[in-house]
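So you can see what is in the structure, the chains are spelled out below.
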Amino acid sequence: MPKDEKKKLDDQECGMMSKGEKRKLVDQEHGIIPKDEKRKLDDQEHDIIPKDEKRKLVVQKCGIIPKVRMRKVDDQEWYFIPKKVLDPMKFKVGRNWLLTGKKVHQIQNSKFCNPMLIDLWNKVSYRTEINIQNHMPTSHYYRDIDLADLLLKGSKQSADKFCIISIYLKEKELDNDSTLIELKKVFNKCYNCDFSTVQNDEVKLPQENRIIYINSIYWVESLNQELKIKQDVTEVLCKAIKIMKDGNSLIICIQSLLTRYMAGIIFMLLSLFEKCLCLLPNDDAPASCGQMWILKNFRKSPYTSRVIDYLESIIHYKAPEGMEILETVPVETLCDNKFKFYEYLLELNNNNIQRRLSSLISVEKEIVIGI
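I will try to describe carefully the structure that is included in this document. What you see is a predicted model, and the numbers here were worked out from it, not measured in a lab. (Residues numbered from 1 in each chain as written. Predicted model: local features only at pLDDT ≥ 70, side-chain atom pairs only at ≥ 80, totals over all residues. Heavy atoms only, no water.)

## Description of the overall build of the protein chain
The condition is simple: Segments assigned H or I by DSSP are reported as helices when at least four residues long, segments assigned E as strands when at least two residues long, and all are numbered from the N terminus. The buried label applies to any residue whose accessible area, calculated with a 1.4 Å probe on protein chains only, is under 20% of its type's maximum; exposed applies above 50%, and partly exposed to all values in between. Only heavy atoms matter for contacts: two residues are in contact if any of them lie within 4.5 Å across the pair. Only the protein chains shown count as cover for residues, and the accessible areas themselves come from Shrake-Rupley with a 1.4 Å probe.
When you go through the protein chain residue by residue, the secondary structure sums to 14 helices and 9 strands. Counting the 371 residues in the protein chain, one finds 46% classified as buried. Taking contacts inside the protein chain between residues at least 6 apart in sequence as the whole, the part at least 24 apart equals 84%. Only carbon and sulfur atoms are counted for the fraction: they give 50% of the accessible area of the protein chain, which is about 20800 Å².

Pasting the structure below:
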């Protein structure tokens with residue numbers, strides 16, 4: 001046997017190791033970590049964020065939102081409103097539908113959302129150290145849908161045959177509304193109407209196919225708006241219906257739709273349209289962006305006046321002190337299987353709250369670690 005091979009065999013028989021292997025074994029016995037592994041461990045101990053993730057956080061903090069790839073909406077995503085939704089409106093609706101109760105200051109439970117999600121949302125969103133300004137939408141468009149294309153799809157008319165009528169409470173909200181800014185790029189005819197004078201302006205409004213736009217996100221600086229703005233939303237929607245014509249569309253943005261009151265208001269609106277779609281913001285959106293409800297093809301039925309009368313009775317209803325309207329449409333009607341509204345809203349709200357939680361926690365974490 002050659003001398004080199006014999007030497008190697010002797011080393012193996014005697015359990016002898018190479019110098020490098022022996023060194024590594026001694027290091028392990030004495031708890032000495034190799035240089036490369038030690039570097040990796042130090043990074044973890046000091047919570048050093050990888051370069052790509054750190055870049056992403058810096059981009060978000062600076063308000064630089066990557067360009068979102070727009071997707072097309074399938075017909076299956078639309079909620080085609082069953083004609084049966086009109087059935088409750090065929091009968092005279094009135095105060096017998098209204099259910100009052102003790103005034104609610106915090107939504108602690110909802111039939112239209114997972115209660116565990118609501119509980120977690122309340123624990124996070126009501127913290128006193130939360131700064132609402134860190135979670136308000138800016139001029140960035142946080143939807144992955146080309147809204148103008150969605151509104152024009154299926155129509156034989158071009159964009160110049162449509163006009164946007166934006167109903168606002170505070171004029172300053174128009175400057176920061178990214179959705180409205182996007183719509184103005186396509187629809188040249190855009191009219192801003194003050195909430196208090198919208199009906200008086202009816203004679204001045206153009207006769208083109210109208211798209212009524214209402215964004216309540218900016219009305220109150222709070223992550224929990226629904227209880228605070230429901231009266232104003234009801235009044236605005238009532239006025240909007242009065243100026244709508246056959247074939248018109250309605251867009252309304254709201255933070256959440258958890259209460260029986262607001263779910264009932266939306267349900268009544270559905271009875272006047274052919275189909276609806278609710279869009280949620282993308283993952284980079286602030287926690288206050290909420291839901292965008294798009295209702296297409298207004299159908300002025302013989303019962304439209306009844307819906308308007310009922311909305312007006314809600315607006316003018318004087319509840320006893322310490323009480324308020326809790327329910328505008330019987331919950332049994334909202335949850336009736338033949339309408340399929342309950343399943344649609346339940347899934348929607350669960351997804352919405354999960355996204356809002358993710359956004360809220362992510363931003364607060366960035367602030368804490370100082371990135």
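So, next bit.
## Quick word on the sheet that holds strand β4 (residues 190-194)
Heads up, the rule is: One requirement defines pairing of two strands: DSSP has to find at least two bridges between them.
The 7 strands are arranged β1-β7-β8-β6-β5-β3-β4 in an open sheet whose pairing can be described as mixed. Whereas interior strands pair on both sides, the edge strands pair on one side only; in this sheet they are β1 (79-80) and β4.

## A short note on the side chain of Ser271
Selection criterion: Within 3.5 Å is the distance limit for a polar contact, defined as a pair of N or O atoms, with the added protein rule that one can donate a hydrogen and the other accept it, and that residues adjacent in sequence qualify only through two side-chain atoms.
Assignment of secondary structure puts Ser271 in the loop between α11 (260-270) and β7 (273-279). For Ser271, a relative accessible area of 2% gives the class buried. Within the structure, Ser271 has its side chain in polar contact with the backbone oxygen of Met268 (distance 2.5 Å).

## What about the environment of Arg260?
Here Arg260 is to be found in helix α11. For Arg260, a relative accessible area of 31% gives the class partly exposed. Counting along the chain gives 67 residues from Arg260 to Glu327, while the straight-line C-alpha distance between them is 5.2 Å. Excluding residues within four positions of it along the chain, Arg260 makes contact with Leu99, Phe112, Leu326, Glu327, Thr328, Val331 and Leu334. Looking at Arg260, its side chain comes within polar contact range of the side chain of Glu327, at 3.1 Å.

## Regarding empty space enclosed by the protein
Worth spelling out the cut-off: A pocket here means an open set of points on a 1 Å grid, computed over the protein atoms alone, that has protein on both sides within 12 Å along at least five of seven lines. A cavity is instead a set of points where a 1.4 Å probe fits but cannot get out; residues with an atom within 4 Å of a point line either one. Grid points are joined across faces, edges and corners, and a volume is the space filled by probe spheres set on the points. Just so you know the grouping, Ala, Val, Leu, Ile, Met, Phe, Trp, Tyr, Cys and Pro go in nonpolar, Asp, Glu, Lys and Arg go in charged, and all remaining residues, Gly too, go in polar.
Per the stated rule, a full pass over the model turns up 3 cavities of 30 Å³ or more. Space inside the largest cavity adds up to approximately 130 Å³. Around the largest cavity sit 16 residues that line it, and Ile107, Trp121, Asn224, Ser256 and Leu258 are the ones nearest its centre. Within the residue set of the lining of the largest cavity, elements represented by two or more residues are α6 (115-125), α10 (226-242) and α14 (341-369). Broken down by element, the lining of the largest cavity gets its largest block of residues, 3 residues, from α6. For the lining of the largest cavity, the per-class residue count stands at 8 nonpolar, 6 polar and 2 charged. One number sums up the size of the second largest cavity: a volume of about 110 Å³. A class-by-class count of the residues in the lining of the second largest cavity yields 7 nonpolar, 4 polar and 2 charged.

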